[in-house]
Amino acid sequence: MTYIAKPRLHHPTLETNKVGYTRRDYEGKVSTLCAGCGHDSISAAIVQACWELDIEPHRVAKLSGIGCSSKTPDYFLGASHGFNTVHGRMPSVLTGANLANRELLYLGVSGDGDSASIGLGQFAHAMRRGVRMAYIVENNGVYGLTKGQFSATADSGSKSKKGVVNHDSPVDLVAMALQLGATYVARGFSGNKDQLVPLVKGAITHGGAAFIDVVSPCVAFNNHPGSTKSYDYIREHNEAVSRIDFISGRDEITVAYAPGEVVDVRQHDGTILRLRSLHSDYDPTDRYAAMAYMQHHQARGEIVTGLLYVDPLATDLHTALNTSDKPLNALGPDTLCPGAVALSKINAALR
Ligand SMILES: Cc1ncc(C[n+]2csc(CCOP(=O)(O)OP(=O)(O)O)c2C)c(N)n1
Ligand code: SF4
Ligand SMILES: [Mg+2]
């Protein structure tokens, strides 16, 4: 059994969004992951975010690599475009798809093995090129699908289920995304849906490379004492920078918080990320301060979650390459081929 199809019928009174879809329309097949796997909670957050954003499912392209995490696009957005690539190669396939058709919304789903081990180079270049996408890593610190080997994000000193201690230094994908130029960088926890849904909404509507590292416990291989990616460990060591609300451009904007406690970040498409800062000195638009803040708290054994950095006016790879507004896959041969005379001129100029 590789999947179970969900029954199509649903209750006629289910609530619909502005484009006429119920939450069920954003679901996929029945998950075959272990009961309690954090990845299923992330799928639920993606379903909720897309329903609340009134996105038509056919406007989304979801791409992934290989792993339990990379299987999850089968469990949400069943009516969207999907591509399950080779292990670690999701970013380059997504980049190509995005260049061919800029009109879709791109969702890259990956794991810590998929993005921090075999796919680290791919991850890095997608971030630095500013490919417009919401890139979500479902981070459990292990290779879940291949039975729980340490991944590159496992913390030094953390223990495997059999008590083996990891001595390698961890790759911190959030720190890398910040350093490499991603323009929306966040960390979430699969067990905190209230925080995760607005983070996903902000990433989907962002105008450049958006990255979310979601700590997502693997209940089969990495949820024991000694693990730093277990439900108990994250709940005990979580340090949230802010509480985030997502306000679409169409909604009425109301401010109900005292001045100084709220930062409104208006994105290029008119949507607003309203951050209720828990620490008055935290500025989500300062990349270097975000890096320092994270490292300071990391040294104290804390896992910082929330929207860590955003450039609200971010642009993407299409702007950098000055591509045509019309998607490349919709251009005809007349536009794509300059013709023999133009080619002769180009060749002559190079002689
Ligand atoms: C080229 C290649 N190398 C190795 C594998 C074996 N493999 C499958 S999934 C996986 C790791 C998955 O880990 P992660 O991305 O963290 O996903 P998780 O299962 O933990 O969600 C590996 C090494 C593979 N499928 N292809
Ligand atoms: S092995 Fe781990 S990551 Fe894979 S489905 Fe089970 S709990 Fe989730
Ligand atoms: Mg993993």
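What this report covers is the structure whose coordinates are included nearby. Predicted model only: the values in this text are computed from it and were never measured. (Residues numbered from 1 in each chain as written. Chains lettered and ligands numbered in written order. Predicted model: local features only at pLDDT ≥ 70, side-chain atom pairs only at ≥ 80, totals over all residues. Heavy atoms only, no water.)

**Re the layout of surface pockets**
Right, on to step 1. Approximately 490 Å³ is the volume attributed to the largest pocket.
Right, on to step 2. Along its surface, the largest pocket is lined by 17 residues, and Arg8, Arg24, Glu27, Gly28 and Gly78 are the ones closest to its centre.
Right, on to step 3. Considering only residue class, the lining of the largest pocket consists of 6 nonpolar, 4 polar and 7 charged. (1 Å grid on protein atoms, 1.4 Å probe; cavity = no way out; pocket = protein on both sides within 12 Å on 5 of 7 lines; lining within 4 Å. Points joined across faces, edges and corners; volume = space filled by probe spheres on them. Nonpolar A, V, L, I, M, F, W, Y, C, P; charged D, E, K, R; others polar.)

**A look at the site of ligand 2**
Right, on to step 1. In the neighbourhood of ligand 2, the contacting residues comprise Leu33, Cys34, Cys37, His39, Cys68, Asn140, Gly144, Cys218, Val219, Ala220 and Phe221.
Right, on to step 2. Along the lines of polarity and charge, the residues of the shell around ligand 2 split into 8 nonpolar, 3 polar and no charged. (Near = heavy atom within 4 Å.)

**Here's the deal with the environment of Arg274**
Right, on to step 1. Secondary-structure assignment places Arg274 in strand β12 (residues 272-277).
Right, on to step 2. You can call Arg274 buried: its relative accessible area is 3%.
Right, on to step 3. Taking the C-alpha atoms as reference points, Arg274 and Thr16, separated by 258 residues in sequence, lie 25 Å from one another.
Right, on to step 4. Reaching out from Arg274, the side chain makes a polar contact with the side chain of Asp264 at a distance of 2.8 Å. (Helix = DSSP H or I, 4+ residues; strand = E, 2+ residues; numbered from the N terminus. Buried < 20%, exposed > 50% of the residue type's maximum accessible area, 1.4 Å probe, protein only. Polar contact = N/O pair within 3.5 Å; in protein donor to acceptor, adjacent residues only side chain to side chain.)

**Brief notes about the site of ligand 1**
Right, on to step 1. Close contacts around ligand 1 come from 17 residues, with Cys68, Ser69, Gly113, Asp114 and Gly144 the closest.
Right, on to step 2. One nitrogen or oxygen atom from the side chain of Ser69 is found 2.8 Å from an oxygen atom belonging to ligand 1.
Right, on to step 3. Gly113 is positioned such that a nitrogen or oxygen atom in its backbone is 2.8 Å from an oxygen atom of ligand 1.
Right, on to step 4. Of all the secondary-structure elements, those providing two or more residues to the shell around ligand 1 are α2 (68-71), α4 (112-116) and β5 (142-143).
Right, on to step 5. Per-element tally for the shell around ligand 1: the top contributor is α4, with 3 residues.
Right, on to step 6. Residues that form the shell around ligand 1 fall into these classes: 6 nonpolar, 9 polar and 2 charged.

**A few points about the coordination of the magnesium ion (ligand 3)**
Right, on to step 1. Within the first shell, the magnesium ion (ligand 3) binds the protein through Asp112 (OD), Asn140 (OD1) and Val142 (O), at distances of 2.1 to 2.2 Å.
Right, on to step 2. Each donor residue of the magnesium ion (ligand 3) belongs to the same chain, with the gaps between them written as D-x27-N-x1-V. Here Val142 lies in strand β5 and Asp112 lies in helix α4, a separation of 30 residues in the sequence.
Right, on to step 3. With relative accessibility at 4%, the residue Val142 sits in the buried group. (Donors = N, O, S within 2.8 Å, 3.2 Å for Na, K, Ca; no water.)

**A few points about a nonpolar patch on the surface**
Right, on to step 1. A cluster of nonpolar side chains, contributed by Leu343, Ile346 and Leu350, occupies part of the molecular surface with about 310 Å² of accessible area.
Right, on to step 2. Mapped onto the secondary structure, Leu350 falls in helix α12 (residues 340-350). (Patch = residues over 30% accessible without salt bridge, like charges linked within 9 Å, V, L, I, M, F, W, Y side chains within 5 Å. Areas by Shrake-Rupley, 256 points an atom, 1.4 Å probe, with all protein chains shown as cover. Salt bridge = Lys/Arg side-chain N within 4 Å of Asp/Glu carboxyl O.)

**Here we look at the sheet that holds strand β1 (residues 60-64)**
Paired through their backbone hydrogen bonds, the strands of a sheet run either parallel or antiparallel.
Right, on to step 1. Strand order in the open sheet formed by 8 strands is β2-β1-β3-β4-β8-β7-β13-β9, with mixed pairing between adjacent strands. Whereas interior strands pair on both sides, the edge strands pair on one side only; in this sheet they are β2 (81-84) and β9 (238-240). Averaged over all adjacent pairs, the angle separating strand axes in this sheet is 20 degrees, with direction ignored.
Right, on to step 2. Across 3 bridges, β9 lies against strand β13 (residues 303-310) in parallel orientation. When the sheet's bridge partners are listed, Asn238 is paired in β13 with Ile303.
Right, on to step 3. Strand contacts of helix α1 (residues 38-52): β3 (105-111), β4 (133-139) and β8 (209-215), with the helix running at about 155 degrees to β4, the strand carrying the most contacts.
Right, on to step 4. The strands touched by helix α9 (residues 287-299) within the sheet are β7 (184-189), β9 and β13, with β13 carrying the most contacts at an inclination of about 175 degrees. (Pairing = 2+ DSSP bridges. Axes fitted to C-alpha atoms, helices over the stretch in contact; angles between N-to-C directions. Contact = heavy atoms within 4.5 Å.)

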